[in-house]
Amino acid sequence: MLYLTGLAFACFLALLLFFKNGRSQADRILLGWMVLIAVHILLSHGLFTGWALEYPHTLGLTFPLPLLHGVLLYSYTRSVTGEGTVRPAVIGLQLLPAIVVVMLAAPFYMLPEAEKARVFLSGGKGFEWFGNLSVLLIVASGLLYSALSIRTIRRHRRRLVQQFSNNDHKLFRWLESMSIALGLIWMSVLFADDRVVFAGVSFFVMFIGFMGINQVPVFYSEPQNRRSVPETAPHNGYAGEVAVPEKVTETCGDTGVATVRSVPAAVSGEVQAASLERLEAVMKKVGVLMEKEALYEEPELTLGELAAKAGVSANVLSQAINTVAGKTFYQYVNDYRIEAFIQAASLPENRKYTLIALAYACGFHSKTTFHKYFRLKTGKTPTDYFNS
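Parameters and conventions
- Residues numbered from 1 in each chain as written.
- Predicted model: local features only at pLDDT ≥ 70, side-chain atom pairs only at ≥ 80, totals over all residues.
- Heavy atoms only, no water.
- Helix = DSSP H or I, 4+ residues; strand = E, 2+ residues; numbered from the N terminus.
- Buried < 20%, exposed > 50% of the residue type's maximum accessible area, 1.4 Å probe, protein only.
- Contact = heavy atoms within 4.5 Å.
- Areas by Shrake-Rupley, 256 points an atom, 1.4 Å probe, with all protein chains shown as cover.
- Phe/Tyr/Trp six-rings, centres within 6.5 Å; stacked < 30°, edge-to-face > 60°.
- Lys NZ or Arg CZ within 6 Å of the ring centre and 35° of its normal.
- Polar contact = N/O pair within 3.5 Å; in protein donor to acceptor, adjacent residues only side chain to side chain.
- pLDDT = per-residue confidence, 0-100.

Caption draft 1: Region of interest: the overall build of the protein chain. Across its full length, the protein chain holds 17 helices and zero strands. In the protein chain, which comprises 388 residues, the proportion classed as buried is 48%. Put simply, of all contacts in the protein chain between residues at least 6 apart along the chain, 76% involve residues at least 24 apart. Carbon and sulfur atoms make up 62% of the accessible area of the protein chain, which amounts to about 18,800 Å² in all.

Caption draft 2: Fine view of unusual backbone geometry. Look at A294: it is not a glycine, yet its phi comes out positive at around 50 degrees. By the secondary structure assignment, A294 is in the loop between α11 (276–293) and α12 (303–310).

Caption draft 3: Here's a closer look at the packing of aromatic side chains. Inspection of every chain in the model, using the stated rule, returns 22 aromatic pairs. Look at W129 and F130: their rings are 5.9 Å apart centre to centre, the planes differ by 80 degrees, and that puts the pair in the edge-to-face class. Exposure remark for W129: the relative accessible area of 42% places this residue in the partly exposed category. Pairwise contacts between aromatic rings join F63, F108, Y109, F120, F127, W129 and F130 into one cluster. We note R23 situated over the ring of F18; from NZ or CZ to the ring centre the distance is 5.6 Å.

Caption draft 4: Broad picture of the environment of E128. Structurally, E128 can be placed in helix α7 (residues 128–160). Of the polar contacts made by the side chain of E128, one reaches the backbone nitrogen of G126; its length is 3.1 Å.

Caption draft 5: Broad picture of the confidence of the model for the protein chain. Mean pLDDT for the protein chain: 79, with 82% of residues reaching 70 or above. Here residues 223–268 is modelled with pLDDT under 50, and outside its nearest four sequence neighbours on either side it reaches 120 contacts, counting other chains as well.

Caption draft 6: Up close: the environment of D27. If you trace the backbone, D27 turns up in helix α2 (residues 25–49). Taking C-alpha positions, D27 is 9.0 Å from S79, a pair spaced 52 residues apart along the chain.

As structure tokens, this is what we get:
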């Protein structure tokens, strides 16, 4: 029953992706993966229940399938984080293990149907070498692609703090958890039988459906309109520099999927040639803009948008913030938001508003992100801060 539930989930998610409006490249990869999982579960269920033996021509079709899951996970991760798909030549190398397994299994495929059934009923007698080699390839390939996917996600997060002021819907924690879970499934192949492994696969598919439908717009089309910011209190802007830790990385809460523009890894020649005086002048101009127009109140403020308002390139602005302020773009904007929140929450006329309402008015996008960053900056929760 568990396998059939996993099969139903995979088919359902594939249908959602198939009928999704404006499917992206990542959506198409995920759609192909869901179809692969559905086929894999169906064929394996046939082996467990015995009906596959009635159709011996289906025996052995599952041999290369485990080696494709990691490839699709990694391809999906690269696409959804904005790193693009893998080059065709690299894809050929990634598919090589599956091709090798098919070639090694050629003697089995050439057997008469009755002989194929006998091999499966005997537990693979005569093909033990093939089973052992397949397990090694499956585990090595799966762990490799799980590790590559996790590395891609974490590299993506390091770019986010230089580009976005609100990252809570771009961190892909759910995708990182999915990569870890898939890695554990690969490891279970070493010591668990196929029934246990595919029970894990069924739970894995349910996890994808739960996280995708309830937390992020993976299986449906996200509305394009942006949330308006309520005007609950006046803000006087940034009151001064606030000491920050040398490095701030993950300070966001709930996660979701959003396609992110890639950020150049190397600083352009224009930035390299920019003098410290010019960078300081840029920061002074940006500071005036931030205080005068309260740009930090825009929840989705990006480096590119702020650079356009300041009349400089995004690379120059990023270098200015990193060099002069000693912060990332994420830290720079959220420091303004914390100061604006403290000022707003300190005004008697704003006591009719909740703290989270004031935080949203100052540009924060989620309650979890606000609480984490506020505690990082002040060492206290918002409630404790104003009660002390």
